[in-house]
Amino acid sequence: MAISFIVRTFNSMATLPDCLASIHAQTVPHEIVVVDSGSFDGTVEYARAHADVVLEIAHEEFTYGRALNLGMQAARHAICAPLSSHCVLTSPEHAAIALAIHEDPRVCATNGMLFDPEGHPLTSTYFERRWSGGLGYSHHSATVSRAVWQQEPFNEGLTASEDKDWARRVLRGDRIIAFDRRLFVSSAHRRGQGIRALHARGRREGEADARLRSDLADSPAKASLRAWLHDLPKPRRYPYLAYLVYPKRLVELHGRYLGYRVAAVDVRSRSAEKGEP
């Protein structure tokens, strides 16, 4: 059994070599599809030398969902693996483990997590049957059934959170998403690209969150206050107060607030035009 890796890039030369090297080290047959969105630092040239397929889209046309859909369309294998160009697979057996889990036909996706929704260490594969958001399914490193994706492609209109939206939509019937600690890949790059990038990412995710909600009863300020007080990692490594004043978390939350506020105004105005309450 083989796997297709889908790697999204933009000016990724600082991290792409290690990312692709970790893929080439995998013990199962694989292909690499790189989807670039306007790099000008040599990323495309490097990708052409070390990947099987390189696709290019204009930077202004990029969304996470659009890039992934293009990569999935070009992929040849039944199981595809979105992987951030800032991430490195920690084991040569990573793909083999994921493919073994996919032997269960109910599994539509896998993700790596260290703890269950209650904060207890994962000691076996955890199967999520109904979307709760508790484990935070993420495309920074995942695997996806191409057959399920063909029925439910990624949302290209979202500025972020296409992974959460997809998981929410596909978890129905007997489908499950499998979480396994052996598939864990750090997403520390999220807060390692500088304050400005972190704020921009938070803003994109806040906007996407507002557009995905079935109701917007909470004001942007109330939603942000709830996130500040309650959206904390499980288990918590530091005292509660430390998370409330952690500077990078505050920057991210402020970005989410601005994005949520912009999207909420748009969502409510569209509802008013349709005569909805």
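The text that follows walks through the structure, step by step, so that each part is easy to find.

Parameters and conventions
- Residues numbered from 1 in each chain as written.
- Predicted model: local features only at pLDDT ≥ 70, side-chain atom pairs only at ≥ 80, totals over all residues.
- Heavy atoms only, no water.
- Helix = DSSP H or I, 4+ residues; strand = E, 2+ residues; numbered from the N terminus.
- Buried < 20%, exposed > 50% of the residue type's maximum accessible area, 1.4 Å probe, protein only.
- Lys, Arg positive; Asp, Glu negative; His and termini not counted.
- Salt bridge = Lys/Arg side-chain N within 4 Å of Asp/Glu carboxyl O.
- Polar contact = N/O pair within 3.5 Å; in protein donor to acceptor, adjacent residues only side chain to side chain.
- Contact = heavy atoms within 4.5 Å.
- Pairing = 2+ DSSP bridges.
- Axes fitted to C-alpha atoms, helices over the stretch in contact; angles between N-to-C directions.

1. Some thoughts on the side chain of Arg 175
Piece 1. Within the element layout of this structure, Arg 175 appears in the loop between helix H6 (162-170) and strand E8 (176-179).
Piece 2. The buried charged residue Arg 175 lacks any salt bridge partner; its closest oppositely charged side chain belongs to Glu 152, at an N-O distance of 5.0 Å.
Piece 3. Among the polar contacts listed, one links the side chain of Arg 175 to the side chain of Gln 151, at a separation of 2.8 Å.
Piece 4. At 3.3 Å, the side chain of Arg 175 and the backbone oxygen of Val 170 are in polar contact.
Piece 5. The residues contacting Arg 175, other than those within four sequence positions of it, are Arg 106, Cys 108, Glu 128, Arg 129, Val 148, Gln 151, Glu 152 and Val 170.

2. Focus: the pattern of salt bridges
Piece 1. If you walk through the whole model with that rule in mind, you get eleven salt bridges.
Piece 2. Residue Arg 172 is joined to Glu 152 by a salt bridge in which the shortest nitrogen-to-oxygen separation is 3.0 Å. Taken together, the positions of Arg 172 in the loop between H6 and E8 and Glu 152 in the loop between helix H5 (146-151) and H6 put the pair 20 residues apart, joining distant regions of the chain.
Piece 3. Using a relative accessible area of 42% as the deciding quantity, one classes Arg 172 as partly exposed.

3. Some remarks on the sheet that holds strand E7 (residues 142-145)
Piece 1. Strands sit in the order E3-E2-E1-E4-E7-E5-E8-E6 across an open sheet of eight strands; the sheet is mixed. Each having just a single partner strand, strand E3 (53-56) and strand E6 (126-128) make up the two edges of the open sheet. Within the sheet, the average angular offset between the axes of one strand and its neighbour, ignoring direction, is 25 degrees.
Piece 2. The pairing of strand E4 (residues 79-84) with E7 spans two bridges and is antiparallel.

Coordinates in, geometry out; function isn't part of it.
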